[in-house]
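# What the coordinates show
These are the residues of each chain, in order.
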There are 2 protein chains.
Amino acid sequence: MQEQDRIIEISQTFPKTVSRRKLLGGMLTTAVAITQSANGQTIQKGLNDEDPTKVTGTLPAEVGTRSPFVKSVKKPSDISSRSPLQDFYGFITPSDLHFERHHGGVPLINPQKHELIIHGLVEKPLKFSLADLKRFPSVSRIAFLECSGNFRTGKETMTPQEIAGLTSQSEWTGVKLSTLFREVGVKPQAKWFLAEGGDSAVMTRSIPVAKGWEDAIIAYGQNGEPVRPEQGFPFRLFLPGWEGNTSVKWLRRIELSDEPFMTREETSKYTEAIKDGKIRMFSFDIDARSIITFPSYPQSIEKGWIEIKGLAWSGRGKVLKVEVSTNAGKTWQVANIQEPVLDKAHVRFRYLWKWNGEETEIMSRITDETGYTQPTFQQLVEARGSEMGGYHLNPITAWQIKKDGRVLLKPENLRS
Amino acid sequence: MQEQDRIIEISQTFPKTVSRRKLLGGMLTTAVAITQSANGQTIQKGLNDEDPTKVTGTLPAEVGTRSPFVKSVKKPSDISSRSPLQDFYGFITPSDLHFERHHGGVPLINPQKHELIIHGLVEKPLKFSLADLKRFPSVSRIAFLECSGNFRTGKETMTPQEIAGLTSQSEWTGVKLSTLFREVGVKPQAKWFLAEGGDSAVMTRSIPVAKGWEDAIIAYGQNGEPVRPEQGFPFRLFLPGWEGNTSVKWLRRIELSDEPFMTREETSKYTEAIKDGKIRMFSFDIDARSIITFPSYPQSIEKGWIEIKGLAWSGRGKVLKVEVSTNAGKTWQVANIQEPVLDKAHVRFRYLWKWNGEETEIMSRITDETGYTQPTFQQLVEARGSEMGGYHLNPITAWQIKKDGRVLLKPENLRS
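Conventions adopted
- Residues numbered from 1 in each chain as written.
- Chains lettered and ligands numbered in written order.
- Predicted model: local features only at pLDDT ≥ 70, side-chain atom pairs only at ≥ 80, totals over all residues.
- Heavy atoms only, no water.
- Buried < 20%, exposed > 50% of the residue type's maximum accessible area, 1.4 Å probe, protein only.
- Helix = DSSP H or I, 4+ residues; strand = E, 2+ residues; numbered from the N terminus.
- Pairing = 2+ DSSP bridges.
- Least-squares fit on C-alpha atoms with pLDDT ≥ 70 in both.
- Contact = heavy atoms within 4.5 Å.
- Buried area = accessible area lost by both parts, 1.4 Å probe.
- Salt bridge = Lys/Arg side-chain N within 4 Å of Asp/Glu carboxyl O.
- Polar contact = N/O pair within 3.5 Å; in protein donor to acceptor, adjacent residues only side chain to side chain.
- Nonpolar A, V, L, I, M, F, W, Y, C, P; charged D, E, K, R; others polar.
- Phe/Tyr/Trp six-rings, centres within 6.5 Å; stacked < 30°, edge-to-face > 60°.
- Lys NZ or Arg CZ within 6 Å of the ring centre and 35° of its normal.

### A look at the pairing of strand β18 (residues 304-313) of chain A
Residue and element names in this part refer to chain A. Of all 10 residues in β18, 9 are buried; the element is thus mostly enclosed. Note: strand β17 (residues 289-294) against β18, 5 bridges, orientation antiparallel. By the bridge assignment, S290 is partnered in β18 with A312. Across 9 bridges, β18 lies against strand β22 (residues 347-355) in antiparallel orientation. Pairing of I306 across the sheet is with W353, part of β22.

This is how it looks when you write it as structure tokens:
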């Protein structure tokens, strides 16, 4: 009865609608919401977080929402936004927190008016609407997508999101490109194809036809729902394990050819300087990489048992093993890997560690099924030269553990 | 230049903010949005869906949103909302479209104030905050959750959502209950535990301790993000393969005992009448089930090749095979199943069928790894008697294909 009285009192004192900002701003103990029930009856509810058992909760919704206590965002710039890797559980990235990297913003596309044309060295050029694509046999696969420019360093106060937030993982659904290749009759002399997006940058990349036959997908589904606008709605190319920009979003044209098209994005960009004045072009594969996401900056830890957690992945196949060092790389122990371990997919690794309160460094490294082991930054510099470019940098990330439990990035000196 | 002029003209004619409803209502060809860029500069954009390559798209966002062209909702009642199975791809359910079934609404819970107490037949009763739970070793698994009351029939114009929308699938992350059992020292004489929720219904169920040791999880993560409020934020019990109500949401108390507690929800509800005046209590396992989600009502099909698609699952283990009949059950063919096939998880099945334009019925049936095959409704009636209750009904769902391509449910006569 007393509780009941209090709720009525609250409803007379507070405004009837409370914004999320206000809720978060400290009014959480008392708030009132009016909800319309399915049968039209109005139900008054006190949203009292002190004892939720004393107040009827809100009704089921058409579309769910996050708790107002959950704050996890992508911190966008004008051209990209980074997944908050340190906030994630498991290996699926929530679709609305998938990283973004655009060359001309996110277009608003009416799926009724969007088509994919396939032409060039084919027997029979064809146009496909979204409805057409959905009539073909479909496939689903859980795989990561990573931008080849996914590396930042330089200061101690950097989060996993800032260092490596340009990678995300979804369950992608669509039609195999090989199915469409058979439909249009790709000619034997076709060795490359151009993939062109319908955004304002008209993003273009040349892709070897072999990848199209192997495992390319025209994806229209992402984590159970239609691909998000930021991810290429109504459909995108998806090239498992390859650098993100080749998985052209808002795909509208595929042209088959006997040679690469040498587009702006593959000549002026997405080409890396290496040793002796040479460059690497068409460096498609994402190399093996891992990062510890807990503990990481700005978290801090206490003495005792800690589950070190992180993500590991390779564009060249499955993760074979992940090792963790808790003594600055002197010795390494094998971490647990969460099943299922899928091809060209993020895996979640975990390693139980008892911290004794001493200063140290912790780090992880992956070995993929090709036998390749993630290098140190120094090894990358040695292999590629100090003039190396900013793409395909997959070094071991080390975290410093301070005596007081603070966790700080051990930054790399980019131009030593 | 002409395009540019048109955009400027549009920006002067139309209101500056356009609601989603208006966008959907037919103004789609022309709209204008003002977007604040990351550096504070205001950028004016014409969202022109006629040629998105002519207009700079919107900037990356903190949190993504669906396309305004995508409309997929749960159609809630006062106590539940159903997943739109017919709209899904793959096997992950978008978190905000996960079905809901509440006994006292969705509570607003401050995770800082919420605790789980474990007591009763234990050596050392303990309280755990969310932060405490996250310090323990964690696990992730992709598994379905289904309400035991997940069956509706009775008319031809029913969608998969209406028939069987009380099942959804997520990647769940949390701590094994067995880990906490060891921490509190569960006594050998403990055979059952009470799971109690912190909602206004104070939902309670009795669970055999064996399930707690086997594979129960206290889940705080769902599809990479914190468990949603509708799914038990900040954490819930998750019992893989068992009827949904036993996976108590907003979990706040576990009491170990030598016998079941005979709570209201397990005596007056979630107990089924069967033959000869008998009832089934503690009928935890979800039996094997499948449903074709395409083609289904209200879709219609055209003559020619059609990929029949659907979902299949079993609470007793893995899916062994899914069969499809396209001639009203006379003959059955094995469907393709999308890898990975996981324990107690939805799988996506697909079967390529050439429709000749004649009237027929299509249906699917699953056999799980225990050898159990999904029954017809008639077989369920024969096994349980015509007085059978409304829980754990997993019959084969048949769709009628009409000559004009319309697809209609073949409804079951519930009380024949």
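Read on, since the account is not over.
### So, the relation of the copies chain B and chain A
Rotating chain B by 180° and translating it 0.0 Å along the rotation axis places it on chain A, where the RMSD comes to 0.0 Å. Accordingly, the operation relating the two chain copies is best matched by a two-fold axis. The residues that chain B uses at the interface reappear at the interface of chain A in 100% of cases, marking a shared surface.

### Quick look at the interface of chain B and chain A
In this complex, chain B contributes 94 residues to the contact, which on the side of chain A involves 95 residues. Taking both sides of the interface into account, the surface hidden between chain B and chain A amounts to around 7,300 Å²; carbon and sulfur atoms contribute 56%. Taken as a group, P60, Y89 and L108 of chain B account for 11% of the area that chain B buries against chain A, more than any other trio of residues on that side. At the boundary of chain B with chain A, the tally comes to 4 salt bridges. Salt-bridge contacts for R135 of chain A lead to E302 of chain B; the nearest nitrogen and oxygen are separated by 3.7 Å. One can count 32 residue pairs in polar contact (both at pLDDT 80 or more) joining chain B with chain A. Of all the secondary structure elements, the ones that give two or more residues to the side of chain B that touches chain A are β3 (80-81), α3 (130-135), β7 (139-146), β8 (167-176), β11 (217-222), β12 (225-226), β18 (304-313) and β22 (347-355) of chain B. For the side of chain B that touches chain A, the element with the most residues is β18 of chain B, which contributes 5 residues. Across the side of chain B that touches chain A, the residue classes break down as 39 nonpolar, 31 polar and 24 charged.

### Comments concerning the packing of aromatic side chains
In total, this model carries 22 aromatic pairs over all chains according to the counting rule given. Residues F181 of chain B and W213 of chain B carry aromatic rings whose centres are separated by 5.2 Å and whose planes lie at 70° to one another, so their mutual orientation is edge-to-face. One end of the pair, F181 of chain B, is in helix α5 (residues 177-184); the other, W213 of chain B, is in helix α6 (residues 209-214), and 32 residues separate them in sequence. With a centroid separation of 5.2 Å and an interplanar angle of 45°, the aromatic rings of Y270 of chain B and Y391 of chain B are classed as tilted. Taken together, the positions of Y270 of chain B in the loop between α7 (264-267) and β15 (272-273) and Y391 of chain B in the loop between α8 (377-384) and β24 (398-401) put the pair 121 residues apart, joining distant regions of the chain. Assessed through its relative accessible area of 3%, Y270 of chain B is described here as buried. Residue classification places Y391 of chain B among the partly exposed residues on the basis of a relative accessible area of 21%. Among the aromatic residues, ring-to-ring pairing joins W192, W242, F282 and F284 of chain A into one connected group. Just above the ring of Y220 of chain A sits the side chain of K134 of chain A; from NZ or CZ to the centre is 5.9 Å. Residue placement shows R365 of chain A over the ring face of W332 of chain A; its charged tip is 4.0 Å from the ring centre.

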